[in-house]
Amino acid sequence: MKTRMLGFAIAIGLGLIPLASFAQKNSCLECHKALEGKLKAPAESFAQDVHQQFGLSCRDCHGGNPAEDDADRSMDASFKGVPKRAQIPEFCARCHSDAAYMRTFNPSLRVDQLSQYWTSQHGRQLKAGDAKAAVCVDCHGTHGIQSAKFPKSPTFPWNIPQTCGRCHADPNLMKDYHIPTNQLEQYKESVHAQALFDKKDLSAPTCNDCHGNHGAVPPEVQSIASVCRQCHPSTGELFSKSPHKKAFDEIGQSECEACHGNHKIIRPTTDMLGTDEKSVCLQCHDAASAGFKVAAALKELNDGYEARYQKSLNLLAQAEKKGVEVSEPKYRLQEANTVLISARNLIHGLSVDDLKKTLGEGEATLTEVEKAGAAALDEAKFRRTGLIIATFFLALFGVALFLKIRSMRKPE
Amino acid sequence: MNRRRFINLFFGGSFLATVGAFLFPVIRYLLPPKQTEVAPKKVAAAKVGELAPNSAKIFKFGATPGILINSSDGKLLAFSAVCTHLTCTVTFQADTSTLYCPCHNGRFDLAGNVISGPPPAPLETYQVDVAGEDIFVSRKG
Amino acid sequence: MTKIIRNIATFFNERLQVQPLFDFAKKKKVPEHSYSFWYYFGGICLFLTGIQVATGVMLMMYYTPSIDAAHESVQFIMSHVKFGWLIRSVHSWTANILIGIIFVHMFSTYFLKAYRKPRELTWITGFFLLILFLAFGFSGYLLPWSELSYFATRVGTDIAGSLPLIGKWLKTVILGGPDVSQATLSRFFWLHVAILPIAALAVIGIHVLLVQILGMSKPIGLDERKVKEISFFPDFIYKDALGWTLILVLIGIICVFLPWEVGIKADAFAATPLGIKPEWYFTFMFTTLKIIPSHVLFIEGEKLAILVFMAGGLFWMLVPFVDRRAAREKKSPLFSWIGIGVSLYIVVMTILTYTVPRL
């Protein structure tokens, strides 16, 4: 009896569940979908919105009564309408800064975005009365908002440069603020952009990684170095132990940025060292100084090793092109490459002795690779020689056959 | 020597030369090469007692570097030392008992899992076997 | 020299009594006419098969048919075994050349209507040999266990799996399981070095025996005045040998300048490489399946294509019995046109596979 009743209840329940859709009447969407242009857009894009997926709807942000079909009655006393730009941060924060409320949807989400925002340059501008300053919707969108984990979201790592650039790369928009508008262009030429866009490495830094998300400001001189150290700690450590640290601190110079730039951080080469006009060392050191001599020594050591490495690489490529199997020497060359990476890093420590030591290990590996490469080229030569000999004999044999055929009895 | 004999001699001689040119590589092929085995699946990474507790050693495993760790509680662990981010070689940091990649600050725990930093995937774990005096490392599965 | 050879021949003859064979060989004649150039291709197939057996047997000395060691053993052969690079490259290149020559041999005999009575069985055994050698190619391709091998096998067996009714069962039997695995490698190795060679040996034996018994076919309606006859031994053999010598030179040059690559080891968890295709001799079928619309009338496009290929194959095998005109020694232009159509289709589809970027 009990089971039969339970079954009945389940059947009715399952059968009637579709009717529940009628209970969630949403007159907002119904009306707005029938309108045109700007008034239609929210209704259309809301289907993809993350808020919709969590069961929220127009009323939860804008107020009003979605059960009412009549336009005036639906936009009742609780209806907030379109918030003014200056009110948007608080409009969103009504929920997003309410920890207890947000917990019911996603306990891991942060709830300090608004307080962060007020510390940011955007927030400060807005408070000072500048309606052009960026607010939540400028980066996140309005009605088709998606989590930053989704590749189509404007806040997904590889979309962020474009999102920030929408304002910051627009000279017209930015003309009252007297800050450069070439950051996006510069960033796009950087090695970080290459990692992000070309190699699809999502861990590569984009605007928010150095500037912050909601509390976005340009990093101060002192903090630039900490920002870079997030991903480049060994370089930072070497720098901190080097004579540069004290010197840079004394003159109030930003550490990494002074030589590497900020947005257009390109792959560094030893051209940055040394003694000609491309050298960054010349920015501070003149030709006679001790620092200058160190720069020259570091460059020479590095260049020497790199040249030898390149030669080995070419040697193996040559052998491979000639058809000889060189995967083992290539593996050894990888080890030499690791030494090269480590050597380039060591430059920041400014110690010629340390560099010599590290390069020494690599030199031994390179000697091995050179030997193997030379052996491979010899092998290629041996094969060609063998081919010539075998072909010669075959050709002789072919001629002999031909003569034999010619001397055959004439066919009957 | 008439024409016919010349042709026959030429024929026979060139035939033998050709056969020789073929037999030479075949025989060399069949004779055992210097390195007699294919890159072994199992590598003797270290000797027992070589590593103090809470220390590690890089060894060659086939075509890539591997890292053998003697953890602080005496367990032997082995992983591929190739960082899954941009293939730098990881190192063992005794103070944190983690595997650390100096290139971009990637960090792995002693199960090979990524703790922090940019690496997208865990390090491949290898099988460790002790046989007599040698510690052998081999691919799992 | 000839005295020594004669003494050896007499020795064996007195004990094995093979004189009748020698007499037959001495008497055997081969016609020579404007189309007799095509006669050489059968012998070239045999010669290349011999090369495959020799190099294959040598590769077996160092190859290991286990997924943990297959790729490494091929790498070892290419880098450490003396002349390993040569033996392996010859084997891989000759496989492709052999299949190409088989197609030439097949189409040349087709157009010359050599399949007509009394040579129907020669044609049918030849058809079986085509199938056997395609199977050789397919099974051998997996053995290096490289990325390309693995995925090409996967794609190929997926197609087998899409056959109606028996597809799923067939795929499982071929693979030795649900996926490409160690079972597959063992199975393909078994096929490639034991079963297929035995079968091929038997069928080649019958095929060559039939050619010996029936002699060379002459084109229909050939003017007998234009036909000369040369003796098979030694005259035709010398000409054969000249062709074989040229091919050897060609193979040598190719293998030194374009050794076969080792590739990357197969990884079952990796994504299928873009643009994966089977070996070139399967691509005409593969591309057909790719471009056929998903539904033709009420039948699924792929199934229709497979059915058409099977029906086509059956027709091709039975052509000696279908071509009544040729059987009556009459010129048979209809079948020539069919042949042109088929060969053109194969050529165009093959070229299409490699020229159109994203089919």
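Coordinates for the structure precede this section.
Scope of this entry: the structure provided in the associated data block. In this text the structure is predicted, and so the values were computed from the model without any measurement. (Residues numbered from 1 in each chain as written. Chains lettered and ligands numbered in written order. Predicted model: local features only at pLDDT ≥ 70, side-chain atom pairs only at ≥ 80, totals over all residues.)

Of the regular secondary structure elements, chain C holds 15 helices and four strands. Counting only residues that meet the buried cut, chain C has 34% of its 359 residues in that class. In chain C, 77% of the contacts between residues at least 6 apart in sequence involve partners at least 24 apart. (Helix = DSSP H or I, 4+ residues; strand = E, 2+ residues; numbered from the N terminus. Buried ≥ 20, exposed ≤ 12 C-beta atoms within 10 Å, placed from the backbone. Contact = placed C-beta atoms within 7 Å.)

Here the focus is the nonpolar core. Among the nonpolar cores identified, the biggest contains 71 residues, and L48, I77, I87, L98 and I102 of chain C are the most heavily contacted of them. The leading source of residues in this core is helix 5 (residues 84-111) of chain C, at 12 residues. Once residues within four sequence positions are removed from consideration, I87 of chain C is found in contact with Y29 of chain B together with T55, M58 and L59 of chain C. Listed in part, the 27 residues of the second largest apolar core include A295, V324, A372 and A376 of chain A. (Core = buried A, V, L, I, M, F, W, Y, C linked by C-beta atoms within 7 Å.)

Contacts between the two partners involve 19 residues from chain A, matched on the other side by 24 residues from chain C. Listed by contribution, the elements that provide at least two residues to the side of chain A that touches chain C are helix 23 (327-346) and helix 24 (352-406) of chain A. Ranked by residues supplied to the side of chain A that touches chain C, first place goes to helix 24 of chain A with 12 residues. In terms of residue class, the side of chain A that touches chain C is made up of nine nonpolar, four polar and six charged. (Nonpolar A, V, L, I, M, F, W, Y, C, P; charged D, E, K, R; others polar.)

Right, let's get into the packing of helix 6 (residues 120-142) of chain C against helix 7 (residues 147-161) of chain C. The axes of two packed helices give the description: the angle between them and the distance between them. Residue and element names in this part refer to chain C. The N-to-C vectors of helix 6 and helix 7 enclose an angle of 135 degrees; their axes lie 8 Å apart at closest approach. Regarding the angle of helix 6 to helix 7, the classification is oblique. The residues of helix 7 that touch helix 6, namely those facing F138, Y141 and L142, are S149, A152, T153 and G156. Taken together, the residues of the contact of helix 6 with helix 7 sort by class into four nonpolar, three polar and no charged. (Axes fitted to C-alpha atoms, helices over the stretch in contact; angles between N-to-C directions. Parallel < 35°, antiparallel > 145°, perpendicular 65-115°, else oblique.)

Residue and element names in this part refer to chain A. Where helix 22 (residues 290-321) meets helix 23, the closest approach of the two axes is 11 Å, and the angle between their N-to-C directions is 160 degrees. By the angle between their directions, the pair helix 22 and helix 23 is classed as roughly antiparallel. Pair helix 22 / helix 23 crosses with left-handed handedness. Note on element contacts: helix 23 touches helix 22 through P329, K330, L333, A336, L340, A343 and R344, opposite N302, Y305, E306, Y309, S312, L313 and L316. Split by residue class, the contact of helix 22 with helix 23 holds nine nonpolar, two polar and three charged. (Left-handed = near helix turned anticlockwise from the far one by under 90°.)

Attention now goes to the environment of W123 of chain C. Of note, W123 of chain C is situated in helix 6. Apart from residues lying up to four places away in sequence, W123 of chain C is in contact with Y115 and P320 of chain C.

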